[in-house]
Every structure is written in structure tokens, then in C-alpha cells.
Amino acid sequence: MRFLFGFLWVLISVLGASVGTLHAQSLPHFPKDLIAPLNIPLALSGTFGEMRAQHYHTGWDLQTNEKEGLPVFAIADGYISRVRISSKGYGFAVYINHPKWGITSVYAHLSDFYPALKSWVESQQYALKKNELDWNLSPEQFPISQGGVIGYSGNTGSSGGPHLHFELRNLKTEKTIDPALFGYTIPDVTRPVIESLMFVPKGSFKPSEIIPFRFNGESLGKDTLYEVADTFGVAVQVYDWVLDAEHPCGIKQILTLWDGNIVSEWLADSLDFSEVKHVNAQWLSNVSERYGKTTYRTYQLPNSPGTGFLYIENDGWLNIKDTMVHAVTVMTSDFSGNATCVYAYVQKARKPLDNHLEVNALLVDWTNGGTIAQGDWNLRIPVDAVYEKIPMTWRSWEGIEKSDSMQMKITIEPKGILFKNAVVLENHALDWNALSLEEKRKWGWMEVRKNDEWIGWEEEKNGFLLNKTGTYRWVRDSKCPKVLNPNTALTQGYFEIEETESGLKNYSASCGDQWIKLYWDAKKNQLRLDPKWRDKCKGKEGQLTIELEDRSGNRGEMIIR
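**Re the overall build of the chain**
Right, so step 1: Each helix and strand in the chain was counted, giving seven helices and 42 strands.
Right, so step 2: Scored against the burial criterion, the 561 residues of the chain give a buried share of 54%.
Right, so step 3: Put simply, 67% of the contacts in the chain that link residues at least 6 apart link residues at least 24 apart.
Right, so step 4: Only carbon and sulfur atoms are counted for the fraction: they give 49% of the accessible area of the chain, which is about 25700 Å².

Right under this line is the structure:
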């Protein structure tokens, strides 16, 4: 099976009525006189709409040569409408409204703001005594001209390394829009890599057939004709290499055809924040992937909002009612228009295919939920918690930890499922129910290999809320967070914090009655101290007090003289 050059004429006619028309109608409405937010050649490390761990990506991640402190520029005239400081998410972020163009531009993971804005933000922090804030501003407070420096690139928040997250939103709806539609160009000559096509029988949870491909689109499968269920969906494992990117990025479009007719069209042009969390409705789990989340369903699950689908027929399911040979074609393209197309010939299977149901699994339906019991524990799956019927199992065991203490662990399968709404893990043991609320808050679940994701007791739900399947360990956090470097912190400018379980929740510094600004860098377990703290503490008591509280309610205090 070779790359589908001969079949492209079919797609050209189809795309002319589909994608081509879409872009011809939409592109002229987007301004093309915006400037770049960086003064270095733009290079991507993350594309718009690609699948991430728990969401679709809503902007571009622009490389900053692995450096912090590069000037970041306003792309057009406007005014700063929002400023945000957080130890998570976007970290230091600036939002600019551009009324003339009807858009909002967002610049995230900054290391700092430009001087006038920085001074105002600090004044608000000290007035409110808040280390983290999310503040809306009026148009007259901070007008900005195109090309004005608004801050400096960094690695704050949930950033995995120095870069600039650049985002464009519709000013009225706040829907995010692919920056590629605004005329930004980035060198990209490589078409997407399709690793495989997968055929998933309806009602099954694993592919019945996985067809691998070479980079040039040539099939590595032994057969050229594949047997499929009478109703099945198509999934495609695909990613895109962008010039200078150190890892593969997401693709922009997937077009699926059945005997030359469009069945579904998925396009990452715009995303609504209410739908970005539904990435798991498109990602096909239970497959081996070379690079993270790269397997896209081209069909829609029954409890899915259908994020990104411009057109879909019969929810994307393919039906065979005869014994004839049919053609399945999948075309993918990136933000630059580079395309890869593969196809396979299929025929109805002569005998029923294995639906891969797990033994002793509870088939959970989104319309009624369900409960799985294990000893004193119940896993309660509420209505509307999953996207499809899922055969869920879970097991628990006790393992020896390094401290030689016994620790309970649980595994909920199939792994990698992100719930539409959280499920509840309940403990019905008499000794647990007899505990005080304060003691219950000391206990939590932590995902194995994700030690920063503490799942604590929710009194209102009378349980622990899990957002995804996987393996978790049962932990009691009774240790108070503490400062490790009190003697050198004042010269280093930061405090090293020991908090290994539930994570830091609240933190503050003061000298006498003078509150002092801090910033929590969770990636480094460091609290950065306001460089101007000595000036602010003049005339106050000769000591600096650091107060810490973790998510389990444990409190620690350190006095530095």
C-alpha cells in the first residue's frame, strides 16, 4: 500500500467544498497587521488545539531560546485588561484588549511585568496582602501601543520550561483562536507523521486492527484487506514535527472519508474554554503511543460535546451492510497546510470480533453511573461522569514503603481515562467515620509518580474526588512544611521549602506588622522573597517571620533574625 497520490484528486474536490471554503470565508475577517510578541524568529514548541494531559492547548507555545527575560511586546494598540499572578497555570500573565481588532491577546508564564505595571501590581499585593491575584483593569489605567514592552519571558506557573504561551481570543465570546489565522508564519516544511490507523468496533474499548505506516505513508501491514466489525470507528495516531521543535506537536485537521465521501471533519481553529477539558472524549486510550497523546478518534462518543468537529455524519461511525470491499481514507494537515493522507481497504468480518471486555468489570453507563465496592471502600461513578459505556475495574493492595510502613494503593482501570465529571471514592469503615474533620483532612490520595497532585477529603461530597483513572497511594500527611535554608535564605533571595505530601496551600512573610510579598515556585520548591523586603522592614522588629500551611491543614512557622 503506497502513499495516496492517486487518490488526492478526490480530496481536492471534497476539500474545495469543505476546508477551502471555510478558510476563504474566514481568513479575510482576521487582521493581518499584528506584530510578533517576540523580537526573535518565531519558533513553536506547542501548537493550537493539540491534545495535552487534561485539555486541548489554547494557544501557541513560542520558544525563547531556553532563556528567561526576553522582552515581550504588545501585538497591537489596546489596553491591559487583566493581570494575573499564580503559582499554577499561566503564572505571571498579561491580557490586552484590542477593541479595534475585536480580540484579546494573552501572554503567559512571564518572569516579570514592565516597570509601571509591576509597580502597580506590587501596590495591590501589599494593599490586599495577597501573594496571588487575578485583577481586571479599566481601559484608562494601562493603555498600550503596538510594540510596547509589557513584560519579560519566563517559566512561571505550570510551565515545563522557559517559553512564552501566546494566546488570541475573541473579545466578545472569549473563544480562543489559532494565531495562524492572523497571518503569523513559522517555517514548517514537514508534513504530519501518521504512525497508524486503528479500527474500533462500536461497543469495544480497544482497536480490533492497528495498521502501521512508514513516514512516506506506505503500510507496514501484512495484508492489504482488513476485516472489520459491521459498525466501527476510525482512530489515527498522528503528530507533527515543526522546524526547531524538540518534540512533536499536534495537528490541525483530520478528514475521514468512506468510499470517497466525507464522514467527519475535525478542525482546530477555535476553542471554547467550556470544552477544552473534554480532550479525553477524542483521545483513544489503551494504545501504545510513542509520543504522549497522539491518537485521535475521528468519531464522536455518545456523551461528548463534539469539540472541534465541523461536520460529522452518524457520529463518525462507519457501517458495512454487504460483503463488498470499501475504502477508508484519512487525511491530516498541520497549521501550515502540509498534509499526509493514508487509506486502507476493509471488508465485513466473517465472524464476530472480540470486544475486549474485561473479566469482572462493571460496565459503567453515563446515563446511570454505578458503584464498585472494595472492602470498606466504594468507588461511586455519578451520572454523566464518563463519555461512553466503560468496563471499569479497580483493585487495592498494601505495599511496603521505604519507611517500612504499610501503605494502601489502588488501581482503577482502564488507565488514562479523564472523567467528564469527577467520581467519588468513599470510605465506609467505622473507624474512619469516627474520625474528626481535622483528622480526615490529614488523609488523601496521591497519584503514583505525580506527587504534587494531592486529592484531599471533600466534606460536602463525603469522599475524595478523582478526575482520572490510574494508580493512587493512600497517604496521611501530618508533617508541617518547613524552611530548609533559614541561614542563607536572606542572601539567596529565596526560601527552600520541604513539603513532600499534600503541597503548599498558604504562605506569608512579615516583619512585625509589615506584610512581605512572596512568590511560590512549586517546580523548585522555593519561595521567592521580595528583593525590597529590607526597605519595607526598616523601623520594624528585627526579625522576619515565615508562616506556611499545606493542604492538609498542617502549619509551620520560621522566625529568621
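**What to know about the pairing of strand β26 (residues 370–374)**
Right, so step 1: Pairing between β26 and strand β27 (residues 377–381): five bridges, direction antiparallel. Among the inter-strand pairings, A373 is bridged to a residue of β27, identified as N378.
Right, so step 2: In textbook terms, the turn of a hairpin is the stretch between consecutive antiparallel strands, and for β26 and β27 this stretch comprises two residues, one of which, G375, has a positive phi near 60 degrees.

**So, the confidence of the model for the chain**
Right, so step 1: Averaged over every residue, the pLDDT of the chain is 88; residues scoring 70 or more account for 90%.
Right, so step 2: In the predicted structure, residues 1–28 sits below a pLDDT of 50 and forms 51 contacts with residues beyond four places in sequence or in another chain.
Right, so step 3: For residues 400–405, every residue scores under 50 in pLDDT, and the model assigns this stretch five contacts once sequence neighbours within four places are set aside.

**Concerning the side chain of N427**
Right, so step 1: Structurally, the position occupied by N427 is in strand β30 (residues 418–427).
Right, so step 2: Classification of N427 as buried rests on a relative accessible area of 10%.
Right, so step 3: When sequence neighbours within four positions are dropped, the list of residues in contact with N427 reads D376, W377, W432 and N433.

**So, the state of the cysteines**
Right, so step 1: According to the stated counting rule, one finds one disulfide in the structure shown.
Right, so step 2: Each sulfur of the disulfide joining C511 and C537 lies 1.9 Å from the other. Linking C511 and C537, the disulfide has an S-S dihedral of approximately -95 degrees and is accordingly described as left-handed. With C511 in strand β37 (residues 504–511) and C537 in the loop between α7 (533–536) and β41 (544–550), this residue pair connects regions lying 26 residues apart in the sequence.

**Concerning helix α3 (residues 115–128)**
Every α-helical turn comprises 3.6 residues, leaving residues that sit three or four positions apart pointing alike.
Right, so step 1: Along its 14 residues, α3 runs 20 Å from first to last C-alpha, staying within 8% of the 20 Å computed at 1.5 Å per residue.
Right, so step 2: Buried residues of α3: L117, W120, V121, E122, Q124, Q125 and Y126, and no others.
Right, so step 3: Two residues or fewer past α3, K129 is found with a positive phi of approximately 55 degrees.

**Some words on the sheet that holds strand β17 (residues 253–258)**
Right, so step 1: Strand order in the open sheet formed by six strands is β15-β24-β23-β17-β18-β21, and the pairing between neighbours is mixed. The open sheet terminates on both sides in strands that have one partner only, identified here as β15 (225–228) and β21 (309–312). Put simply, the sheet's adjacent strands are angled 25 degrees from each other on average, direction ignored.
Right, so step 2: Here four bridges tie β15 to strand β24 (residues 339–348), and the two strands are oriented parallel to one another. Opposite L225, over in β24, you have Y345 as the bridge partner.

**Points about unusual backbone geometry**
Right, so step 1: The peptide bond linking E413 to P414 adopts the cis configuration, its omega dihedral lying at 5 degrees.
Right, so step 2: Position of P414 among the secondary structure elements: in the loop between β29 (406–413) and β30.
Right, so step 3: Of note in this structure, D259 is not a glycine but carries a positive phi near 55 degrees.
Right, so step 4: With respect to the element layout, D259 can be found in the loop between β17 and β18 (261–267).
Right, so step 5: Residue D259 is classed as partly exposed on the basis of its relative accessible area, which comes to 38%.
Right, so step 6: A positive phi angle, near 55 degrees, is found at N314, a position not held by glycine.
Right, so step 7: Summarising the element assignment, N314 is placed in the loop between β21 and β22 (318–319).

**Considering the environment of G292**
Right, so step 1: Considering the arrangement of structural elements, one finds G292 in the loop between β19 (270–271) and β20 (295–297).
Right, so step 2: Exposure remark for G292: the relative accessible area of 51% places this residue in the exposed category.
Right, so step 3: Between the alpha carbons of G292 and M51 there is a distance of 8.8 Å; along the sequence they are 241 residues apart.

**Points about the pairing of strand β13 (residues 193–201)**
Right, so step 1: Buried residues dominate β13, accounting for nine of its nine residues.
Right, so step 2: Both β13 and strand β14 (residues 209–212) contribute to a ladder of four bridges, which runs antiparallel. Bridge pairing in β14 links M198 to I210.

**Some remarks on the nonpolar core**
Right, so step 1: Core analysis: the largest hydrophobic core is formed by 80 residues, its most contacted members being F199 and F232.
Right, so step 2: Broken down by element, the residue count for this core peaks at four residues, all from strand β16 (residues 231–239).
Right, so step 3: Apart from the residues within four sequence positions on either side, F232 is in contact with F199, V200, P201, K202, W258, G316, W317, L318, I320, V328 and V346.
Right, so step 4: One finds M408, A429, W432 and I455 within the second-largest nonpolar core, a separate group that totals 26 residues.

**Brief notes about the sheet that holds strand β40 (residues 526–529)**
Right, so step 1: Taking strand neighbours across the sheet as the criterion, the four strands line up as β35-β36-β40-β39 in an open arrangement whose pairing is antiparallel. Bordering the open sheet on either side are β35 (482–483) and β39 (518–521), each of which pairs with just one other strand.
Right, so step 2: With four bridges joining them, β39 and β40 adopt antiparallel strand pairing. Within β40, the residue paired with D521 across the bridge is Q526.

**Quick word on the packing of aromatic side chains**
Right, so step 1: Inspection of every chain in the model, using the stated rule, returns 27 aromatic pairs.
Right, so step 2: Centroid distance F232 to W258: 6.0 Å. Interplanar angle 70 degrees. Geometry classified as edge-to-face. One end of the pair, F232, is in strand β16; the other, W258, is in strand β17, and 26 residues separate them in sequence. One exposure class covers both F232 and W258, and it is buried.
Right, so step 3: Their ring planes at 80 degrees and their centres at 5.3 Å tell us that Y343 and Y345 sit as a pair that is edge-to-face.
Right, so step 4: Here a set of aromatic residues connected by ring pairs shows up, and it is made of W377, W432, W443, W445, W457, F464 and W474.
Right, so step 5: When the ring centre of Y95 is taken as origin, the NZ or CZ atom of R82, which lies over that ring, is 4.4 Å away.

What counts, and where the lines are drawn
- Residues numbered from 1 in each chain as written.
- Predicted model: local features only at pLDDT ≥ 70, side-chain atom pairs only at ≥ 80, totals over all residues.
- Heavy atoms only, no water.
- Helix = DSSP H or I, 4+ residues; strand = E, 2+ residues; numbered from the N terminus.
- Buried < 20%, exposed > 50% of the residue type's maximum accessible area, 1.4 Å probe, protein only.
- Contact = heavy atoms within 4.5 Å.
- Areas by Shrake-Rupley, 256 points an atom, 1.4 Å probe, with all protein chains shown as cover.
- Pairing = 2+ DSSP bridges.
- pLDDT = per-residue confidence, 0-100.
- Disulfide = S-S within 2.5 Å.
- Expected span 1.5 Å × (residues − 1).
- Axes fitted to C-alpha atoms, helices over the stretch in contact; angles between N-to-C directions.
- Core = buried A, V, L, I, M, F, W, Y, C linked by side-chain atoms within 4.5 Å.
- Phe/Tyr/Trp six-rings, centres within 6.5 Å; stacked < 30°, edge-to-face > 60°.
- Lys NZ or Arg CZ within 6 Å of the ring centre and 35° of its normal.

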